[in-house]
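# Understanding the architecture of this molecule
Chain residues, written in single-letter form:
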Amino acid sequence: MPNKLIINCETGEQTEVELTAEEIAQREADAAKAEADRVAKEAEDAAKAALKQEVLDKLGLSAEEVAALLA
Amino acid sequence: MANTYTLIASSTVGSGGAANIEFTSIPSTYTDLLVKVSVRMTSTYDLFWIRFNGVTTNLSGKSLQGDGSSVASYTVEPYGRGQSNTTTSNTFSSTDFYVPNYAGSNYKSISTDSVSENNATQAYAALGAGLWSSTSAITSIQIVPNGGDTFVQYSAAYLYGISNS
């Protein structure tokens, strides 16, 4: 487990301090949330890509052709 | 316009990495603060947060971000772009957080300018406008990686005090 790096602005002293149990628990919770967010975003991006392709197929156009129309 | 621009403190992460970087005992004698951060992460996450006085609440903001192929806006507390371990080796991001009137009794605004470096299509540039809804003077600043990540060796942060007279 890495330490936290603390810099005292009064003295300029830089020290490495062990994380407290609470801070470790918070890091683990943050990691779990970040992973859940990543998975959710991947699913959302995949759904958007699928919907976009569905619409392109209906229109019979490629993404480049749509971009040219909207430019 | 700044009259003086003073390095208050600096830090560089050692070989063991760092769970976060914290500036404490910040003097109240300046007008504004500028935090310059250059970091790289150990994992695939590439965001970090700025916190004040160890408080994680009452932070809000809007950001505008480009990633090399698209642009998006977000409603999110102030953040900086780091470098994930999938980006070009030995590269570090660059972020500025500017906090005017940090020692006053009004809410604190945060202006963010952040870029990541990557010799590939995807690299980020973000501008943010944030707010810490607290009347407390800022006496400490925490730079915290997202997702329980770790800053690698040679990551660095610099705290500057700006005086208007």
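### Thoughts on the sheet that holds strand E1 (residues 4-8) of chain A
Spatial strand order, E2(A)-E1(A)-E2(B)-E11(B)-E4(B)-E7(B): six strands in an open sheet with mixed pairing. Unpaired on one side and paired on the other, strand E2 (14-17) of chain A together with strand E7 (79-81) of chain B mark the two borders of the sheet. Taken over all neighbouring pairs, the strand axes of this sheet differ in orientation by 20 degrees on average, direction set aside. Looking at chain direction, E1(A) and strand E2 (residues 21-24) of chain B are connected through four bridges and run parallel.

### Thoughts on a nonpolar patch on the surface
All names here are of chain A. A cluster of nonpolar side chains, contributed by Leu51, Val55 and Leu59, occupies part of the molecular surface with about 270 Å² of accessible area. Mapped onto the fold, Val55 is located in helix H1 (residues 21-59). Residue Val55 is classed as partly exposed on the basis of its relative accessible area, which comes to 38%.

### Remarks on empty space enclosed by the protein
All names here are of chain B. The tally for this structure, following the rule as stated, stands at one cavity of 30 Å³ or more. Here the largest cavity defines a volume of roughly 70 Å³. Along the walls of the largest cavity sit 14 residues, with Lys62, Ser63, Pro78, Tyr79 and Gly128 positioned nearest its centre. Residue assignment for the lining of the largest cavity shows that the elements contributing at least two residues are strand E5 (59-66), strand E9 (108-115) and strand E10 (125-132). The greatest single-element share of the lining of the largest cavity, amounting to five residues, is contributed by E10. A breakdown of the residues in the lining of the largest cavity according to their chemical character gives seven nonpolar, five polar and two charged.

### Comments concerning the pattern of salt bridges
Should the charged atoms of two oppositely charged side chains come close, the side chains can pair. A full pass over the atoms with the stated rule returns ten salt bridges over all chains. Through salt bridges that share partners, Glu35(A), Arg38(A) and Glu42(A) make up one connected network.

### Digging into unusual backbone geometry
All names here are of chain B. Positioned with a positive phi, Ser25 is a non-glycine residue whose angle comes to about 50 degrees. With respect to the helices and strands, Ser25 occurs in the loop between E2 and strand E3 (32-38). Ser25 gets classed as partly exposed once you look at its relative accessible area, which sits at 30%. Despite not being glycine, Asn58 shows a phi value in the positive range, around 60 degrees. Within the secondary structure, Asn58 sits in the loop between strand E4 (47-52) and E5. The class for Asn58 is partly exposed, based on a relative accessible area of 49%.

Quick notes on the rules
- Note that residues are indexed from 1 along each chain, following the sequence as it is written.
- The order in which chains are written sets their letters, starting at A; the order in which ligands are written sets their numbers, starting at 1.
- Owing to the predicted nature of the model, reporting of local features is limited to residues with pLDDT of at least 70; listing and counting of side-chain atom pairs is limited to 80 or more, with chain, interface and lining totals taken over all residues.
- The side-chain quantities take in all heavy atoms of the structure and omit both hydrogens and water.
- Strands were regarded as paired on the criterion that DSSP finds at least two bridges between them.
- A run of DSSP states H or I qualifies as a helix once it reaches four residues; a run of E qualifies as a strand once it reaches two. Both are numbered from the N-terminal end.
- Fitted lines through C-alpha atoms serve as axes, helices being fitted only where they are in contact, and the angles separating the N-to-C directions of these axes extend from 0 to 180 degrees.
- Only residues whose relative accessible area exceeds 30% and that form no salt bridge enter a patch; like-charged residues are grouped when within 9 Å of one another, and nonpolar side chains (Val, Leu, Ile, Met, Phe, Trp, Tyr) when within 5 Å.
- Calculation of accessible area relied on Shrake-Rupley with a 1.4 Å probe; when residues are assessed, cover is drawn exclusively from the protein chains displayed.
- Any Lys or Arg side-chain nitrogen located within 4 Å of an Asp or Glu carboxyl oxygen qualifies as a salt bridge.
- Throughout, exposure labels follow a simple rule: accessible area from a 1.4 Å probe, protein chains only, divided by the maximum for the residue type, with under 20% read as buried, over 50% as exposed, and the rest as partly exposed.
- Both site types are read off a 1 Å grid over the protein atoms alone. A 1.4 Å probe that fits but cannot get out defines a cavity, while an open set with protein on both sides within 12 Å along at least five of seven lines defines a pocket; lining residues have an atom within 4 Å of a point.
- Grid points are joined across faces, edges and corners, and a volume is the space filled by probe spheres set on the points.
- Three residue categories are used. Nonpolar comprises Ala, Val, Leu, Ile, Met, Phe, Trp, Tyr, Cys and Pro, charged comprises Asp, Glu, Lys and Arg, and polar comprises the others, including Gly.

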